[in-house]
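In case you want the letters, here they are:
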Amino acid sequence: MLDKIKHMLAEVEALQAATAEEAEALRVKYLSKKGDITALMNDFRSVPADMKKQVGIAINELKNRATERINELKASFATTDTDTDGIDITRTAYPIPLGTRHPLTIVRNEIIDIFSRLGFSLAEGPEVEDDWHVFSSMNFADDHPARDMQDTFFVESHPDIILRTHTSSVQARVMEHQQPPIRVICPGRVYRNEAISARAHCFFHQVEGLYIDRDVSFTDLKQVLLLFAKEMFGEDTRIRLRPSYFPFTEPSAEMDISCNICGGKGCGFCKHTGWVEILGCGMVDPNVLALNGIDPTQYKGYAFGMGVERITNLKYQVKDLRMFSENDLRFLQEFTAAN
Ligand code: PHE
């Protein structure tokens, strides 16, 4: 037996392989369950007691050398790949953590998607605006309270330049360059001089809609908004319009949807009314058409504007507005699945 082991040891020391496959075949030949060395170990039982120690040591040495030699051969094939400038191209890559979309982006895209399917195209305008586009062209009287220092951020050296307080300014920018039919939605960030709290922020996001053509009616507006509410919050969603006031629309309304958290039964979120407000809307005031170069005797239109934060809160029940701008990964990563 000792001879046999010695013989095999010499054989193992001289092993050669031309490819990784050949090296693997050698491992199978010597070291697998049915391999030669395993067979020797199985024969160990029949070795006389006084020889057991010596034979045991020899077999172990043979096994270790065979493992070493075969690993050496295998490694030599692996390293031929890695000789490229010392970079190990065979190493497993680090997992790259994928980013997630911001919840407000997810919801804004969903709103855009719904209105795109209804034939609305996209329009954008600047966040730093002039008084004309934000207020005057939108039929705000000179002494309208919305121009007040309380609400609007002014650029100190240029009293005429402000941060837009609503995306209605983009309506004016579109009408400047385009005659009806006009059918646009305008997403964007707006600014208001408010104390920051869980319920208010000095900036937030809106999506504005504007539709101008001949024979546009309030019914068209209502139908489009009902469809939007159902697409956004589910088929069972109901809407209600309450009379309201905006300088740029007449008549004006605020739209509520049946509370999608309690299904309209009444809960803390809807202050037990079953309804939550989501947007302002109305028929474009003829003054606005005239101010922006569109003939009000020929054309009519409707407009609406909604807060993206508000819709997002309703969809995902985010209780504190500040979460949206704190860049807390624990919050942002909750929206991975919604991508
Ligand atoms: N601009 C209004 C606001 O910011 C919303 C609105 C847009 C209302 C268009 C009516 C029509 O509150």
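Presented here is a report on the structure given in the accompanying data block. (Residues numbered from 1 in each chain as written. Predicted model: local features only at pLDDT ≥ 70, side-chain atom pairs only at ≥ 80, totals over all residues. Heavy atoms only, no water.)

For the protein, the helix and strand inventory stands at 11 helices and 10 strands. The C-alpha atoms of the protein give 37 Å as radius of gyration, which overshoots the globular expectation for 339 residues (20 Å, by more than 25%). Projected onto its principal axes, the C-alpha coordinates of the protein cover approximately 115 × 50 × 40 Å. When each of the 339 residues of the protein is scored for burial, the buried share is 41%. Long-range pairs, those at least 24 residues apart, make up 67% of the contacts in the protein between residues at least 6 apart in sequence. Surface exposure of the protein reaches about 19000 Å², of which carbon and sulfur atoms provide 53%. (Helix = DSSP H or I, 4+ residues; strand = E, 2+ residues; numbered from the N terminus. Rg over C-alpha atoms; globule rule 2.2 N^0.38 Å. Buried < 20%, exposed > 50% of the residue type's maximum accessible area, 1.4 Å probe, protein only. Contact = heavy atoms within 4.5 Å. Areas by Shrake-Rupley, 256 points an atom, 1.4 Å probe, with all protein chains shown as cover.)

On to the site of the ligand. Around the ligand sit 13 residues in total, of which H166, S168, R192, Q206 and E208 are the nearest. In this structure, H166 approaches the ligand through a side-chain N or O atom, which is 3.1 Å from a nitrogen atom. One of the side-chain N or O atoms of R192 is found 3.0 Å from an oxygen atom in the ligand. Notes on the ligand: free accessible area 330 Å², of which the protein chains cover 90%. Among the elements that take part in the shell around the ligand, strand β10 (residues 300-307) stands out by supplying three residues, more than any other. When the residues that make up the shell around the ligand are grouped by side-chain class, the tally is five nonpolar, six polar and two charged. (Near = heavy atom within 4 Å. Polar contact = N/O pair within 3.5 Å; in protein donor to acceptor, adjacent residues only side chain to side chain. Nonpolar A, V, L, I, M, F, W, Y, C, P; charged D, E, K, R; others polar.)

As a further point, take the packing of helix α8 (residues 218-233) against helix α10 (residues 308-316). Running from N to C, α8 and α10 point in directions that differ by 45 degrees, and their axes come no closer than 11 Å. By the angle between their axes, α8 is oblique relative to α10. The residues of α10 that touch α8, namely those facing F228, M232 and F233, are I311, L314 and K315. Its residues placed into classes, the contact of α8 with α10 shows five nonpolar, no polar and one charged. (Axes fitted to C-alpha atoms, helices over the stretch in contact; angles between N-to-C directions. Parallel < 35°, antiparallel > 145°, perpendicular 65-115°, else oblique.)

The next subject is the packing of helix α1 (residues 2-13) against helix α3 (residues 36-43). Pairs of packed helices are described in terms of their axes, by the angle between the two and the distance that separates them. Close contact between α1 and α3 brings their axes to 12 Å; oriented N to C, the two are set at 160 degrees. Classified by the angle their axes make, α1 and α3 are roughly antiparallel. As for the relative orientation of α1 and α3, their crossing is left-handed in sense. The residues of α3 that touch α1, namely those facing K4, I5 and M8, are D36, I37, L40 and D43. Residues belonging to the contact of α1 with α3 are distributed by class as follows: four nonpolar, no polar and three charged. (Left-handed = near helix turned anticlockwise from the far one by under 90°.)

Backbone hydrogen bonds are what pair the strands of a sheet, in a parallel or an antiparallel way. Spatially, the seven strands line up as an open sheet ordered β1-β5-β6-β10-β9-β8-β7, and their pairing is mixed. Whereas interior strands pair on both sides, the edge strands pair on one side only; in this sheet they are β1 (121-122) and β7 (239-246). In the sheet, strand β9 (residues 275-284) pairs with β10 via five bridges, with the strands oriented antiparallel. Considered in β10, the bridge of C281 is made with F304. Together, β1, β5 (182-191), β6 (203-213) and β10 form the strand contacts of helix α5 (residues 103-117), whose direction differs from that of β5 by roughly 165 degrees. The sheet contacts of helix α7 (residues 168-177) involve β5, β6 and β10, and relative to β6 the element is tilted by about 40 degrees. (Pairing = 2+ DSSP bridges.)

Attention now goes to the environment of M41. With respect to the element layout, M41 can be found in helix α3. Under the relative-accessibility criterion, M41 is labelled partly exposed at 33%. It is 16 Å that separates the C-alpha atoms of M41 and R27, two residues lying 14 residues apart in sequence. When near neighbours in sequence (up to four residues on either side) are disregarded, M41 contacts I59, N60 and K63.

On to the pattern of salt bridges, then. Enumeration over the complete set of coordinates arrives at 16 salt bridges. Between K74 and E24 there is a salt bridge, with the nearest N and O atoms lying 2.5 Å from each other. Here the residue K74 occupies a position in helix α4 (residues 52-82), and E24 occupies one in helix α2 (residues 20-31), the gap between them amounting to 50 residues. Judged by its relative accessible area of 30%, E24 falls in the partly exposed class. (Salt bridge = Lys/Arg side-chain N within 4 Å of Asp/Glu carboxyl O.)

Turning to the sheet that holds strand β2 (residues 128-130), a few remarks are in order. Taken together, three strands build an open sheet; the order of strands is β2-β4-β3 and the sheet is antiparallel. The outermost strands of the open sheet, each flanked by one partner alone, are β2 and β3 (154-155). Examined bridge by bridge, β2 and strand β4 (residues 158-163) share three bridges and lie antiparallel to one another. The residue of β4 that forms the bridge with D130 is I161.

This next bit is on α10. Given 3.6 residues to a turn, an α-helix orients residues that are three or four positions apart in the same direction. Residues of α10 that are buried include every one of V308, E309, I311, T312, N313 and L314, and no others. Contacts made by the buried residues of α10 are with α5, β6, α8, β8 (249-258), β9 and β10. Just beyond α10, the residue with positive phi is Q317, at close to 50 degrees.

Attention now goes to the environment of A23. Within the fold, A23 resides in helix α2. In this structure, the C-alpha to C-alpha distance between A23 and I70, residues 47 residues apart in sequence, is 6.3 Å. When neighbours within four sequence positions are excluded, A23 is seen to be in contact with A17, I70, L73, K74 and F77.

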